[in-house]
Amino acid sequence: MTSKETSSRKHLDLKTGDALVAVDVQNDFFSGGSLTVPGAEEILPVMNRYIEIFQSKGLPVYATRDWHPERHCSFKSQGGPWPVHCVEGSKGAQFHPDLYLPDYVVVISAATELDKEAYSGFEGTDLNERFLAAGIRRLLIGGLATDYCVLNTVKDALKYGYEVFLLIDAIRAVNVRPEDGQNAIDEMTRMGAVPVVFNMLSE
Ligand code: VGL
Ligand code: ZN
């Protein structure tokens, strides 16, 4: 392996065509919320640094949010697997107050249909069309939760042909089974997502 190939694994140079995708950094997934993701708090300062570096380079940031109708099919009360969470317009559905969201961030609401679960930010949204219109070719993806919405957003991104960098230090898993998060990371990397951490970006 040449030194260039070696170093390309340790460093990621952000450039035009790159976009950051912050998946579902919403109150209900944090402690005190209805569908707590263990360790979710730990991603906030890291995600904020990713957002700041994108902002400083004039690169786009997209924030997806789980945005369910009040009786969404994924809720236990409707026969689904989850407690009521991220109901459209509710406090729990708001982005975490400590998430740094510059004014230009594009917000994408997903899983808005009553009878349809959608763990991918692409599903039932115009995310792909927006990326195509903006000339986006590479995605840096982090957020919540590793084993659901991050996993499925990454899989769709790869399916649509984007180069995907998985923000290992800015994701956390629900871990219904304790191995779910690691299995999801393994699956994403097997499919071609490249795991990165923040210090690979800083000059
Ligand atoms: C999610 C479970 C249910 C997620 C959303 O954002 O990963 N997980 N709804
Ligand atoms: Zn949900």
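In the block above lies the structure referred to throughout.
Description of the structure in this document. (Residues numbered from 1 in each chain as written. Chains lettered and ligands numbered in written order. Predicted model: local features only at pLDDT ≥ 70, side-chain atom pairs only at ≥ 80, totals over all residues. Heavy atoms only, no water.)

With respect to the pairing of strand β4 (residues 138–144)
- Across the seven residues that make up β4, a large majority, seven, are buried.
- Here β4 shows a buried face lined by Arg-138, Leu-140, Gly-142 and Leu-144 and a second buried face lined by Leu-139, Ile-141 and Gly-143.
- Bridge analysis of strand β1 (residues 18–23) against β4 gives six bridges, and the strand direction is parallel. Looking at the pairing, Ala-22 lines up with Gly-142 of β4.
- Strand direction decides the pairing type here: β4 and strand β5 (residues 163–172), joined by six bridges, are parallel. Among the inter-strand pairings, Leu-139 is bridged to a residue of β5, identified as Val-164.
- On the question of chirality, the crossover connecting β4 to the parallel β5 by way of helix α4 (residues 146–159) is right-handed. (Buried < 20%, exposed > 50% of the residue type's maximum accessible area, 1.4 Å probe, protein only. Helix = DSSP H or I, 4+ residues; strand = E, 2+ residues; numbered from the N terminus. Pairing = 2+ DSSP bridges. Right-handed = clockwise from strand over helix to strand, strands pointing away.)

Brief notes about the side chain of His-68
- Checked against the element boundaries, His-68 lands in the loop between β2 (61–66) and β3 (106–110).
- Separated by 3.1 Å, the side chains of His-68 and His-85 make a polar contact.
- Not counting chain neighbours up to four residues away, the residues in contact with His-68 comprise Ser-74, Phe-75, His-85, Cys-86, Val-87, Glu-88, Ala-111 and Glu-117. (Polar contact = N/O pair within 3.5 Å; in protein donor to acceptor, adjacent residues only side chain to side chain. Contact = heavy atoms within 4.5 Å.)

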